Amino acid sequence: MSKENWYDCTQLQVTAQQLHVFPAPVVYWIAESKYMVEFSLLSIYSEGTLTGIIVYCTEPDENGHYWIPALMIDAKQQGNGYGKQALIQLIALMRQTLNCKTIMIGHRAENHIAAHLYESLGFHKVSDELIDGEIVRLLRIS
């Protein structure tokens, strides 16, 4: 994300039905990335079209895990595989630049699309209990 596209990113939104599973608007993540030093926010593009945003942590938590706090694909762009491709590329970037061994991601229990996506990439449930209202998943990187 840059000073040239930050405003366009604020215009991205999920569908009305998804607001309960992705309640924070993009502007929240932009603000948080400016004040949380370990947060990095990237724009997702496909063939020059802005399709979404992804947020990741550049510092591990107290257990050595790196987190992906948010992935959002605009309502008009969903269903085209952009989220999966963005995650694949981010995992490769995190492996290369951060040398991380584990990545954590969470989603609301009712977000079955996210659950399927994360499982398809090898993220496994950490517990059946919700943590801060979310199912938390872990990916081990070899």
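It should be noted that the structure appears before, not after, this text.
To start, this report covers the structure provided alongside it. The structure presented is a predicted model; accordingly, all values stated were derived computationally and were not measured.

## What to know about the sheet that holds strand E4 (residues 70-73)
Here 3 strands make up an open sheet; going across it, the order is E1-E2-E4 and the pairing antiparallel. At either end of the open sheet lies a strand with only one pairing partner, and these are strand E1 (39-46) and E4. With direction set aside, neighbouring strand axes in the sheet form an average angle of 15 degrees. Bridge analysis of E1 against strand E2 (residues 49-57) gives 8 bridges, and the strand direction is antiparallel. Counted as the bridge partner of Ser 43 is Ile 53 from E2. On the sheet, helix H2 (residues 26-35) packs against E1, E2 and E4 and is oriented at approximately 135 degrees with respect to E1.

## Some words on the pairing of E2
Within E2, 8 of the 9 residues are buried, which leaves the element mostly enclosed by the surrounding structure. Taking the residues between adjacent antiparallel strands as the criterion, E1 and E2 are bridged by 2 residues, where Glu 47 takes a positive phi near 50 degrees. Relative to E4, E2 runs antiparallel, the two sharing 4 bridges. Looking at E4, one finds that Val 55 is bridged to Ala 70.

## What to know about a nonpolar patch on the surface
Taken together, Met 1, Trp 6 and Tyr 7 make up a surface patch of nonpolar side chains, about 320 Å² in accessible area. Examined against the element boundaries, Met 1 turns out to sit in the segment before helix H1 (6-10).

## A look at the sheet that holds strand E3 (residues 66-68)
Spatially, the 4 strands line up as an open sheet ordered E3-E5-E7-E6, and their pairing is mixed. Either end of the sheet is taken by a strand with one partner, and the two such strands are E3 and strand E6 (124-125). Note: E6 against strand E7 (residues 135-140), 2 bridges, orientation antiparallel. Looking at E7, one finds that His 124 is bridged to Leu 138. Relative to E3, helix H3 (residues 82-98) is tilted by about 155 degrees, and along the sheet it contacts E3, strand E5 (102-107) and E7. Sheet strands in contact with helix H4 (residues 112-120) are E5 and E7, and its direction is about 165 degrees off that of E5.

## A word on the pattern of salt bridges
Following the criterion strictly, the structure yields 2 salt bridges and no others. With its nearest N and O atoms 3.1 Å apart, the salt bridge here joins Glu 119 to Arg 137. With Glu 119 in helix H4 and Arg 137 in strand E7, this pair connects stretches of sequence that are 18 residues apart.

## Thoughts on H4
Every buried residue of H4 is listed here: Ala 114, Ala 115, Leu 117 and Tyr 118. Seen along its axis, H4 keeps its buried residues to an arc of 165 degrees; they face one direction. Residues of H4 that are exposed and point more than 90 degrees away from the buried face comprise His 112, Ile 113 and His 116. Where H4 is buried, its residues contact E4, H3, E5 and E7. Where H4 terminates, the next one or two residues include Gly 122, which has phi positive at roughly 100 degrees.

Quick notes on the rules
- Residues numbered from 1 in each chain as written.
- Predicted model: local features only at pLDDT ≥ 70, side-chain atom pairs only at ≥ 80, totals over all residues.
- Heavy atoms only, no water.
- Pairing = 2+ DSSP bridges.
- Helix = DSSP H or I, 4+ residues; strand = E, 2+ residues; numbered from the N terminus.
- Axes fitted to C-alpha atoms, helices over the stretch in contact; angles between N-to-C directions.
- Contact = heavy atoms within 4.5 Å.
- Buried < 20%, exposed > 50% of the residue type's maximum accessible area, 1.4 Å probe, protein only.
- Patch = residues over 30% accessible without salt bridge, like charges linked within 9 Å, V, L, I, M, F, W, Y side chains within 5 Å.
- Areas by Shrake-Rupley, 256 points an atom, 1.4 Å probe, with all protein chains shown as cover.
- Salt bridge = Lys/Arg side-chain N within 4 Å of Asp/Glu carboxyl O.
- Arc of directions from axis to C-beta.

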